[in-house]
2 protein chains.
Amino acid sequence: MSMVREVVLKRAPTATPVAEDFEVVERAAPTALSGQLLVRSLYQSLDPYVGSRLRGRHMGEPAPAPGDSLPGFSVGEVLASGDPAFAVGDRVVGEMGWTEVGVMASAETRRVSGDLPAAAHLGVLGMPGLTAWAGVTQLAKVGAGDIFSVDAAAGPVGGTAGQIARILGARTVGLAGGPEKCAVLTDIYGFDAAVDYRQPDWIQTFARETAPGSTVHFENVGLSILMPAMQRLQTYGRVVLCGMAEHYHAEAPPAQMPVGMVIGKRAAMLGLVVYDFYPRWSEWVELARPWIAEGKLVSVDDVSEGVESAPEQFARLMRGENRGKALVRMSDAG
Amino acid sequence: MSMVREVVLKRAPTATPVAEDFEVVERAAPTALSGQLLVRSLYQSLDPYVGSRLRGRHMGEPAPAPGDSLPGFSVGEVLASGDPAFAVGDRVVGEMGWTEVGVMASAETRRVSGDLPAAAHLGVLGMPGLTAWAGVTQLAKVGAGDIFSVDAAAGPVGGTAGQIARILGARTVGLAGGPEKCAVLTDIYGFDAAVDYRQPDWIQTFARETAPGSTVHFENVGLSILMPAMQRLQTYGRVVLCGMAEHYHAEAPPAQMPVGMVIGKRAAMLGLVVYDFYPRWSEWVELARPWIAEGKLVSVDDVSEGVESAPEQFARLMRGENRGKALVRMSDAG
């Protein structure tokens, strides 16, 4: 009987998750029943929202218990199919835990084309990219003439959001922490300007680069960026509320924002939940495909090697040390 | 030399304004210079925002000092014109203080037709009505199939908002305090349902009447209504943030709302400032004119008699005792 390795939760984190909160276990390879697909993983996606999921603070979903599998998309190849709609060898994206080989429910699995890099289906074309597309095009409806600001802009959501906004004709200003990440914004993603929020005068820099004010702000971090960004928003600006990462682990009370500021700015505050856009995933993939082919839309991946590397790779993500989309290469074939 | 009477601020209120914060003074009648109109007032509008203006908490505008004139629109007739665009006898709406006869800047004065009741130009066609129109039609874009909830619904903003939403095809649910105001909602304004927020089980009643949830909520009061209303909003609901009346006088910190709730509801929170819509006032008047003629859009006015009555009439408004649009009849000709 062949064995496979999977990362599971070892203990429930009480603060920011660390590598020791996880462990690698070895299991007998599962089999695919009817309606299931046996999948060999090429890449495992590691995502910031898992940090809040582990503490039971994400969308009301229950926290995993010790020994449980972990959430996140995998891209892989079908080894055995219990659904006639899928064939052995198909490339698929779905959830099966952070495992080398696992089982996906075929009804919740997407087949993806093999002509794009496998890893892209977890980043720029994956949930982060879909999130960026939904916020930029469906909620904020960014277009020519907009001044678009986004934080956590070196990450896959913010970086993709900025690139989409740029392609659609906006001036783009990205916020990131440190000169290395800021260089990614301007040199790789093609932002018009990068602002390092670790600099003491970052608010002045941000105000200058977004002058006379952002018309759209895309928020991934929390109040420490959102409040200064709101103060510099143009009247009738749109604000996409996508993530509050700095509040997910904090012991502090949840993020609160002053209603008077929303009124004073005539702002439109737009809550974004990417799950709603899963049925429209192919719309984003088809829009992005020529942009990727032309080199207009790029991705930066931060890849660790092998299932054993996943706990520390996730801890790096939690510490904000990742440089681009956090992935684990699960097998050589990717 | 003829004398006129005007209400001015006597002392700066430190809490909810009372009648004793004002006094009636007698002055020589002013004259109109070039670019000015001498106007005899028919009705003076008294508005809730003045409560926050007096404490310097409205849109950054300075608080009036003792002896100063007071803000608010008057409808009146031109006695003398310093602008060839206006003739003696024209009916006009503008600001000149709470005075029997005063001076309006012609550039900031609107001529209105004489075929509608003078008082309507301060209520349903005035700033409250324009506010309601902007929120319902320009921000929330209410239409058939919407479930529309609004608070302070017996007041001129909420009452007009509910009527516009009803005319546009929405189910309308109004919140008001006490059975008398609630009867106005259903019996006069034609709301589908009224909810008395002074009843201990009002949240259950509200949930039942808006089931399966409001698609649009129009907020005039503050967190005590907004938070329960948000919890019962449908996903992708729109919330017009129009006023936070309960926070204007409170010593408590300004209204704060949880960002996580906005995200979880995928809500669009839309800040409304009526000033922005002043250039489009005639659009609202022309839309409303046939509705008024057909009896579909009605107004309830709470009128006191004579300039001396203004301080107590304003104090009643501040205590929430008004029944409809708070007005002062300033002369017999209205």
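Here the structure is a predicted model, which means the values were calculated and not measured.

Caption draft 1: Region of interest: the state of the cysteines. Residues and elements named next belong to chain A. The tally for this structure, following the rule as stated, stands at zero disulfides over all chains. Cys-242 provides the cysteine sulfur closest to Cys-182, a residue in no disulfide bond, and the two sulfurs are 19 Å apart. What makes Cys-242 buried here is its relative accessible area of 16%.

Caption draft 2: Region of the structure containing the environment of B:Val307. Residue and element names in this part refer to chain B. With respect to the element layout, Val-307 can be found in the loop between strand 16 (301-305) and helix 10 (310-318). Residue Val-307 is classed as buried on the basis of its relative accessible area of 1%. In this view, Val-307 contacts Arg-5, Glu-6, Val-7, Val-24, Trp-98, Glu-100, Val-328 and Met-330; residues no more than four positions away in its chain are not counted.

Caption draft 3: Highlighting the domain arrangement of chain A. Residue and element names in this part refer to chain A. Domain annotation of chain A identifies domain 1 (3-116 + 300-329) and domain 2 (127-275). Centre-to-centre, using C-alpha coordinates, domain 1 lies 28 Å away from domain 2. For the pair domain 1 and domain 2, the summed buried area comes to about 1500 Å², and 57% of that belongs to carbon and sulfur atoms. Sorting the residues of domain 1 by area buried against domain 2 places Arg-57, Val-300 and Arg-323 first, and these three jointly supply 32% of that buried surface. Two residues, Arg-323 and Glu-180, come together in a salt bridge whose shortest N-O distance is 3.0 Å. Connecting domain 1 to domain 2 are three residue pairs in polar contact (both at pLDDT 80 or more). Take the side of domain 1 that touches domain 2: its biggest share by element is three residues, from helix 1 (residues 49-53). Residue composition of the side of domain 1 that touches domain 2, by class: six nonpolar, eight polar and six charged.

Caption draft 4: Spotlight on the relation of the copies chain A and chain B. Note on the copies: chain A fits chain B at an RMSD of 0.0 Å, the axial shift is 0.0 Å, and the rotation between them is 180°. Taken together, the rotation and translation describe the operation of a two-fold axis.

Caption draft 5: Quick look at the side chain of A:Ser214. Looking at where A:Ser214 falls in the secondary structure, it is placed in strand 12 (residues 214-219). Apart from residues no more than four positions distant in its own chain, A:Ser214 is found in contact with A:Ile147, A:Ser149, A:Phe206, A:Arg232, A:Leu233 and A:Gln234.

Caption draft 6: Spatial organisation of the interface of chain A and chain B. Counting from both sides, the interface comprises 25 residues of chain A and, opposite them, 25 residues of chain B. Summing the contributions of chain A and of chain B, the shared interface buries around 2000 Å²; its carbon and sulfur component is 62%. Of all residues in chain A, the largest losses of buried area upon contact with chain B belong to A:Val259, A:Ile263 and A:Arg266, amounting jointly to 29% of the total for that side. If you look at where chain A meets chain B, you find two salt bridges. With a shortest N-O distance of 2.8 Å, B:Asp276 and A:Arg266 are connected by a salt bridge. Here chain A is connected to chain B by 10 residue pairs in polar contact (both at pLDDT 80 or more). Residue assignment for the side of chain A that touches chain B shows that the elements contributing at least two residues are strand 13 (233-241), strand 14 (256-258), helix 8 (259-264) and strand 15 (268-271) of chain A.

Caption draft 7: Structural context of the sheet that holds strand 2 (residues 22-28) of chain A. Within the open sheet, the three strands sit side by side as 2-1-6 (chain A). Their pairing is antiparallel. The sheet is open, and its two borders are formed by strand 2 and strand 6 (98-99) of chain A, each paired with just one other strand.

Caption draft 8: Focus on the nonpolar core. Ranked by size, the top nonpolar core spans 142 residues in total, and within it A:Phe148, A:Phe218, B:Phe148 and B:Phe218 carry the most contacts. What A:Phe148 contacts, discounting residues up to four positions off in sequence, is A:Val136, A:Val142, A:Ala161, A:Gly162, A:Ala165, A:Ala170, A:Arg171, A:Thr172, A:Val173, A:Val216 and A:Phe218. In terms of nonpolar packing, the next biggest core, distinct from the first, is built from 33 residues, A:Met230, A:Ala267, A:Met269 and B:Val273 among them.

Caption draft 9: Representation of helix 3 (residues 156-167) of chain A. Residue and element names in this part refer to chain A. Here helix 3 is 12 residues long and its end C-alpha atoms lie 16 Å apart, about the 16 Å a rise of 1.5 Å per residue gives. With 10 of 12 residues buried, helix 3 is to be regarded as a mostly interior element. All of the buried residues along helix 3 are Pro-156, Val-157, Gly-158, Gly-159, Thr-160, Ala-161, Gly-162, Gln-163, Ile-164 and Ala-165. Positive backbone phi, approximately 105°, marks Gly-169, located one or two places after helix 3.

Caption draft 10: Here's a closer look at the packing of aromatic side chains. Residues and elements named next belong to chain A. Inspection of the entire model under this criterion finds 24 aromatic pairs over all chains. A network of ring pairs unites the aromatic residues Phe-73, Tyr-275, Tyr-278 and Trp-281 as a single cluster. Sitting over the face of the ring of Trp-281, Arg-110 holds its NZ or CZ atom 3.9 Å from the ring centroid.

Caption draft 11: Quick peek at the packing of helix 2 (residues 127-139) of chain A against helix 3 of chain A. All names here are of chain A. The interhelical angle for the contact between helix 2 and helix 3, taken along N-to-C directions, is 45°, at an axis separation of 8 Å. Comparing their axes, helix 3 and helix 2 come out oblique. As helix 2 runs across helix 3, the sense of the crossing is right-handed. Contacts between helix 2 and helix 3 involve Pro-128, Gly-129, Thr-131, Ala-132, Trp-133, Val-136 and Thr-137 on the former and, on the latter, Pro-156, Val-157, Thr-160, Ala-161, Ile-164 and Ala-165. Looking at the contact of helix 2 with helix 3 residue by residue, the classes come out as nine nonpolar, four polar and no charged.

Definitions and cut-offs
Residues numbered from 1 in each chain as written. Chains lettered and ligands numbered in written order. Predicted model: local features only at pLDDT ≥ 70, side-chain atom pairs only at ≥ 80, totals over all residues. Heavy atoms only, no water. Disulfide = S-S within 2.5 Å. Buried < 20%, exposed > 50% of the residue type's maximum accessible area, 1.4 Å probe, protein only. Helix = DSSP H or I, 4+ residues; strand = E, 2+ residues; numbered from the N terminus. Contact = heavy atoms within 4.5 Å. Domains from an automatic or database assignment. Buried area = accessible area lost by both parts, 1.4 Å probe. Salt bridge = Lys/Arg side-chain N within 4 Å of Asp/Glu carboxyl O. Polar contact = N/O pair within 3.5 Å; in protein donor to acceptor, adjacent residues only side chain to side chain. Nonpolar A, V, L, I, M, F, W, Y, C, P; charged D, E, K, R; others polar. Least-squares fit on C-alpha atoms with pLDDT ≥ 70 in both. Pairing = 2+ DSSP bridges. Core = buried A, V, L, I, M, F, W, Y, C linked by side-chain atoms within 4.5 Å. Expected span 1.5 Å × (residues − 1). Phe/Tyr/Trp six-rings, centres within 6.5 Å; stacked < 30°, edge-to-face > 60°. Lys NZ or Arg CZ within 6 Å of the ring centre and 35° of its normal. Axes fitted to C-alpha atoms, helices over the stretch in contact; angles between N-to-C directions. Parallel < 35°, antiparallel > 145°, perpendicular 65-115°, else oblique. Left-handed = near helix turned anticlockwise from the far one by under 90°.

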